[in-house]
Amino acid sequence: MADLLFSADDLNVMLAQIVQDLKKTTLHSQLKQAAQVIAAMPDIDISNLEVTVPARLAETGWEQKLQNAVYRHLRHCRPLPHPDTPQEQMKEPLTYIRRAQSTWEKRIVKSLNSMCTELSVPLARKRPLSEQNDMKSRWNELGTDEPDLSTFRPVYGPRDFLDMLTTIRHPNLATAGHAASAQWGLINLPLKVKTMQQLREDYKDLSPGERQTGVDDTADGVGELFDMDRVKLGRRVIQANHAAVAQQYARCGCPGGLRGQIWKQILAVTVDDMDKLLYDQLKHYVLQHDLLIDNLYYKDVKLTATNDDQYFVFEDFLYQVLLIFSRDTSILKHFGRSSATPAKSYIRGMLGVDEFAVVYPPNGVIPFHGFAMLVAPLCFVYGQPTELYFVFREMYMRHLFRLHTISSHPQGILSLCILFESLLQTLQPHLFFHLRQINAHPLKIAFKWMMRAYSGYLASDQLLLLWDRILGYDSIELLAVLAVAIFAFRRTNLLEANTQPSVEAILTDLTTLQVTPLLQIVLFPQSGS
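Given the structure is predicted, the values throughout are model-derived calculations rather than measurements.

Another point: the overall build of the protein. Broken down by element type, the protein carries 25 helices and 4 strands. The 529 residues of the protein split such that 49% are buried. Once local pairs closer than 6 in sequence are excluded, the contacts in the protein between residues at least 24 apart make up 77%. Surface summary for the protein: the accessible area is close to 25,400 Å², and the carbon and sulfur share equals 54%.

With that settled, the discussion passes to the packing of helix α21 (residues 460-473) against helix α22 (residues 478-489). Look at α21 against α22: their axes get within 10 Å of each other, and the N-to-C directions meet at 140°. Accordingly, the angle class assigned to the pair α21 and α22 is oblique. Facing Leu466, Arg469, Ile470 and Tyr473 of α21, the residues of α22 in contact are Leu478, Leu479 and Leu482. In terms of residue class, the contact of α21 with α22 is built from 6 nonpolar, no polar and 1 charged.

Position of glutamate 315 relative to the elements: it lies in helix α16 (residues 315-327). For glutamate 315, the side chain forms a polar contact with the side chain of lysine 302, separated by 2.6 Å. The residues contacting glutamate 315, other than those within four sequence positions of it, are Gly143, Val301, Lys302 and Thr306.

Bringing the pattern of salt bridges into the picture now. A complete count under the given rule lists 17 salt bridges for this structure. In this structure, arginine 127 engages aspartate 294 in a salt bridge whose closest nitrogen and oxygen atoms are separated by 3.5 Å. Of this pair, arginine 127 sits in the loop between β1 (124-126) and α7 (129-137) while aspartate 294 sits in helix α15 (residues 292-303), and the two are 167 residues apart along the sequence. Measuring nitrogen to oxygen at the nearest pair gives 2.6 Å for the salt bridge that ties aspartate 294 to arginine 327. Remark: arginine 327 occurs in helix α16 and aspartate 294 occurs in helix α15; sequence separation between them is 33 residues. The two residues aspartate 294 and arginine 327 agree in class, both being buried.

Before going further, it helps to examine unusual backbone geometry. Cis geometry marks the peptide bond from tyrosine 360 to proline 361, where omega comes out at -10°. For proline 361, the location among the structural elements is in the loop between β4 (357-359) and α17 (385-398). Although it is not a glycine, valine 271 sits at a positive phi angle of roughly 55°. Positionally, valine 271 belongs in the loop between α13 (256-267) and α14 (273-288). Residues other than glycine seldom take positive phi values, yet alanine 453 does so here, at roughly 55°.

Taken as a whole and assessed by the stated rule, the structure comprises 22 aromatic pairs. When the ring of tyrosine 156 is compared with that of phenylalanine 368, the centres are 6.0 Å apart and the planes differ by 50°; the resulting orientation is tilted. One end of the pair, tyrosine 156, is in the loop between α7 and α8 (158-165); the other, phenylalanine 368, is in the loop between β4 and α17, with 212 residues separating them in the sequence. This pair shows no difference in class: tyrosine 156 is buried, exactly as phenylalanine 368 is.

Further remarks concern the environment of cysteine 252. With respect to the helices and strands, the residue cysteine 252 is situated in the loop between α12 (243-250) and α13. Separated by 216 residues in sequence, cysteine 252 and aspartate 468 place their C-alpha atoms 7.9 Å apart.

Here we take up the nonpolar core. The nonpolar side chains of a soluble globular protein tend to be buried with one another. Within the largest apolar cluster, 145 residues are counted, with the highest numbers of intra-cluster contacts made by Trp449, Tyr454 and Phe487. Sort the elements by how many residues they give to this core and α22 lands first, with 10 residues. Residues within four places of tryptophan 449 in sequence aside, it is in contact with Tyr454, Tyr457, Ala483, Ile486, Phe487, Leu507 and Leu510. Membership of the second largest hydrophobic core comes to 5 residues, among which are Leu31, Ala34, Ile44 and Leu57.

Here we take up the environment of aspartate 272. Along the chain, the position of aspartate 272 falls in the loop between α13 and α14. The class for aspartate 272 is buried, based on a relative accessible area of 19%. Measuring from C-alpha to C-alpha, the distance between aspartate 272 and glutamate 387 comes to 10.0 Å, with 115 residues separating the pair along the chain. From its side chain, aspartate 272 meets the backbone nitrogen of methionine 274 in a polar contact 3.1 Å long.

Counting buried positions over the 10 residues of helix α20 (residues 442-451) gives 8, a clear majority of the element. Looking only at α20, the buried set comprises Pro442, Leu443, Ile445, Ala446, Phe447, Trp449, Met450 and Met451. The inward-facing, buried residues of α20 abut α8, α18 (413-427), α19 (429-437), α22 and α24 (500-506). One or two residues past the end of α20 sits alanine 453, with phi positive at roughly 55°.

So, on to the confidence of the model for the protein. When the pLDDT values of the protein are averaged, the result is 87; 83% of them are 70 or greater. Looking across the protein, the model is least confident in helix α9 (residues 176-180), with a mean pLDDT of 40, and most confident in α22, with 98. Segment residues 175-182: pLDDT under 50, and 2 contacts once partners within four positions in sequence are set aside and those in other chains are kept.

Close contact between α14 and α17 brings their axes to 11 Å; oriented N to C, the two are set at 90°. Taken together, the axis directions place α14 and α17 in an arrangement best described as roughly perpendicular. Contacts between α14 and α17 involve Asp275, Leu278, Tyr279 and Leu282 from the former and Pro385, Thr386, Tyr389, Phe390 and Arg393 from the latter.

What counts and what doesn't
- Residues numbered from 1 in each chain as written.
- Predicted model: local features only at pLDDT ≥ 70, side-chain atom pairs only at ≥ 80, totals over all residues.
- Heavy atoms only, no water.
- Helix = DSSP H or I, 4+ residues; strand = E, 2+ residues; numbered from the N terminus.
- Buried < 20%, exposed > 50% of the residue type's maximum accessible area, 1.4 Å probe, protein only.
- Contact = heavy atoms within 4.5 Å.
- Areas by Shrake-Rupley, 256 points an atom, 1.4 Å probe, with all protein chains shown as cover.
- Axes fitted to C-alpha atoms, helices over the stretch in contact; angles between N-to-C directions.
- Parallel < 35°, antiparallel > 145°, perpendicular 65-115°, else oblique.
- Nonpolar A, V, L, I, M, F, W, Y, C, P; charged D, E, K, R; others polar.
- Polar contact = N/O pair within 3.5 Å; in protein donor to acceptor, adjacent residues only side chain to side chain.
- Salt bridge = Lys/Arg side-chain N within 4 Å of Asp/Glu carboxyl O.
- Phe/Tyr/Trp six-rings, centres within 6.5 Å; stacked < 30°, edge-to-face > 60°.
- Core = buried A, V, L, I, M, F, W, Y, C linked by side-chain atoms within 4.5 Å.
- pLDDT = per-residue confidence, 0-100.

Structure below.
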């Protein structure tokens, strides 16, 4: 990530905001309680508490936890807007993008309401006590007796979303002259994306000169030795419990046995007693009320994960995590830095009266077709549903929500599309033009890969190596870079294809691909990788 520059006044305001934010977390109450315990110890000099208590907190690891919390805040800080800036502009500065996101949200809500009306199914209902007890008894086997899903349909899918994105136009560029001279891409918006030189600088740790898990650990003769060294280093990183160090380590890939702990450090997931209590409370909400959204999640899992040879065994885990996710109102916090606005429903007979409006679903997220696949890979990393849930929640609020939200953010799906098209046009202009000529536009194929972060397309071990880098670099730009690499890798066959179905057939199976070498070939072509 690029270095951020702030004025002294901005830093003071930012530090004050960080302090306020930390006061709202469980870390603050835990720190306060730990300090009180230390202050009450018989060997503590009461007259010197200002020195001895912080020193003891540092010795017992609390200082490191606080540093990690501050680091996470700073990683996502941006130059502060003018205090008079309207809230909607802080969420998304470009008016035409805000308008597009609002239009899209209305379409989604309309589709959901239409389904509700057609099927005569309420958005929410309280389960009878007998049904609650039945669901509780089979909580670990939710896939064995799901409701009739034949009449339910996904609210939207990647193709619908891409169709919406391609209609967005910058109002100052919507002229006949611009249309005539438009680029080859489907997305022609003036959003700045990184050049190849900037990408090479930002992702220099991915260069073939750096030893990589997923490459060097499979090399003949020296692979086992490298893997042992990598595991030894990883254990030292885990012991240090420093988020920045864990991120740096993940940039070169994580050994499978350490990945779960490294990811938790990066994402600041600890799963303490309070988290377990919250998980149980959310589970209770699932048992109490049946939501229309539940059927969408059931349908999605059935259409995706249960039909996938890699993920079908995790069906019950997926139901648990997704149903709990839908009830978690803490997820609403991410809307503060998202261009999106959670959908609202109204109590019967009070349509349009704000006092009787409630967010629906409670977490504000209406799932798309394939949403369940954003959870599925984590089942290979975490065996406990609570750990799995809180890691997914943090990944969603940090990165994954950007894959189905219209925004001008450099990590948003619009920017990923522009980055993909600009890189492919630059590196493979003949291939890009050929595919465009036969009406097999590259973005129409790559979009579904990126929107699902490649889950269900790559082999699971390769997908996890890709996600290592996403967390390590705190960026999802590599989703676009990898798509370019895949097209370049299959270039010869694609140039021989003359129809859209033949192109899609060539790119159907990605399970044999090796992620790290592909990324290296695109980013560092002169390195002989």
